[in-house]
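# Summary of structural features
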Amino acid sequence: LFIKSAILFFSFYYIYDKLSGAPLILDLPTLFSKNNWLFTIAILILMFVNWGIEAFKWKLLIAPLEIIDFKSSLKGVLLGVTVSIFTPNRVGEFAGRIFFLEKADKIQATIMSLIGSVLQLLVTVIAGVLAFFLLEKKYYDFFQTEQFISTNLLLFIFVLLVVLAMIVFTVLKNQNLSRFKKYIDPFKLHSSKNMNVAFNLSILRYIVFSIQYYLALKVFGINGGATIVFSLIALAFFVTSVIPTFALTEIAVRSGVAIYFFGTISTTHAPILAASLFLWIVNLAVPALIGMVFVRKLKFFKSQ
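Below or above, wherever it landed, is the structure these notes cover. Fair warning: this is a prediction, and the values are worked out from it, not measured in the lab. (Residues numbered from 1 in each chain as written. Predicted model: local features only at pLDDT ≥ 70, side-chain atom pairs only at ≥ 80, totals over all residues. Heavy atoms only, no water.)

### Section: the overall build of the protein chain
What counts, and what does not: A run of H or I in DSSP becomes a helix once it reaches four residues, and a run of E becomes a strand once it reaches two; helices and strands are each numbered from the N terminus. The rule is simple: take the accessible area with a 1.4 Å probe, protein chains only, and divide by the maximum for that residue type; under 20% is buried, over 50% is exposed, in between is partly exposed. The contact rule is simple, with two residues in contact once any of their heavy atoms fall within 4.5 Å. Areas reported here follow the Shrake-Rupley algorithm with a probe of radius 1.4 Å; residue values treat only the protein chains shown as occluding.
Of regular secondary structure, the protein chain possesses 13 helices and zero strands. Classification of the 304 residues of the protein chain by burial places 46% in the buried group. Across the protein chain, every contact between residues at least 6 apart in sequence was considered, and the portion connecting residues at least 24 apart equals 77%. Taken as a whole, the protein chain presents about 15800 Å² of accessible surface, with 69% of it coming from carbon and sulfur.

### Considering the environment of alanine 109
One can find alanine 109 in helix α7 (residues 106–138). Considering only alpha carbons, one finds alanine 109 and isoleucine 98, 11 residues apart in sequence, at a separation of 6.0 Å. With residues near it in sequence (within four places) discarded, alanine 109 still touches Trp58, Ile62, Leu65, Ile98, Leu101 and Ala104.

### Structural notes on the side chain of serine 276
The topology assignment puts serine 276 in helix α13 (residues 270–291). The buried category is assigned to serine 276, whose relative accessible area is 9%.

### A closer look at helix α11 (residues 226–242)
Rules: To estimate how far a helix should reach, multiply one less than its number of residues by 1.5 Å.
The end-to-end C-alpha separation of α11 is 24 Å, in line with the 24 Å expected for 17 residues at 1.5 Å each. Along α11, the positions that sit buried rather than exposed are Ile228, Val229, Ser231, Leu232, Ile233, Ala234, Leu235, Ala236, Phe237, Phe238 and Val239.

### A short note on the nonpolar core
Here is a general trend for soluble globular proteins: nonpolar side chains tend to be buried in one another's company. Stated formally: Side-chain atoms within 4.5 Å link the members of a nonpolar core, which is a set of buried Ala, Val, Leu, Ile, Met, Phe, Trp, Tyr and Cys residues.
Membership of the largest hydrophobic core comes to 85 residues, with the highest contact counts inside it found for Phe262 and Trp280. Once residues within four sequence positions are removed from consideration, phenylalanine 262 is found in contact with Tyr213, Leu217, Val229, Leu232, Ile233, Ala236 and Ile272.

### Remarks on the environment of alanine 275
Mapped onto the elements of the fold, alanine 275 is located in helix α13. C-alpha of alanine 275 to C-alpha of isoleucine 25: the two residues are 250 residues apart in sequence and 9.3 Å apart in space. Filtering out sequence-adjacent residues up to four positions away, alanine 275 remains in contact with Ala216, Leu217 and Phe220.

Structure, rendered in structure tokens:
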């Protein structure tokens, strides 16, 4: 009861604290103006599509350990948002999911959640790298200022992530680690077909929240060629994914990264901040508030 109460308190307080300054940044009449209301509605609808895709992916990944229906999977995903919203880099997301399960081993379920997160990160990294080189090749003027990260730095980050991933998977395949066999097995429970499906769902989800970002930028008057804007979105997602953040600084980091990239196509920062904050509210704050309804169903101990 204490843990559940703490989750509710910190989640609600964190969201309340961040939203208390929202009216100063968001121009609410703009969201539902004659020219923008269709875009705003589309962004809200895509929120459900976004987390629906993630629920399908979680249902698929956890199936070897516990069979759950889509409704239970969606509840677990939303709980994950609630628990993670006030944790560094949202690492608490797995907790909301695994403690909603009835039978699965918690550590094995955590590994399944990690697999899903790694797949999503892989899509983000690949898209970010491709976007960088697309901008460099077709729109070289973007890289004539010191504002942009260098090619060498981006390559270093990408290679480092690939090397780390290879090391982890190589170690996990080492059969001498028999004492850890119980926790290595989850990596082997999925067929190549299932992993391909999970990866494709990660790509589809990435496309959904990229479209959301594009529409949010248009709502607040930030326009540009679709190729340039989507490339900048991919770079923004890439950087925010690899930068360590704490709960208290997450929105500041997101806003700073958004200004860093979209400042190249907008002369004012206010619309960029508004679009970034609106997307955070739609994709994280609202799902977290919905997930609070299910906190009472978390099962931390077997005796429950």
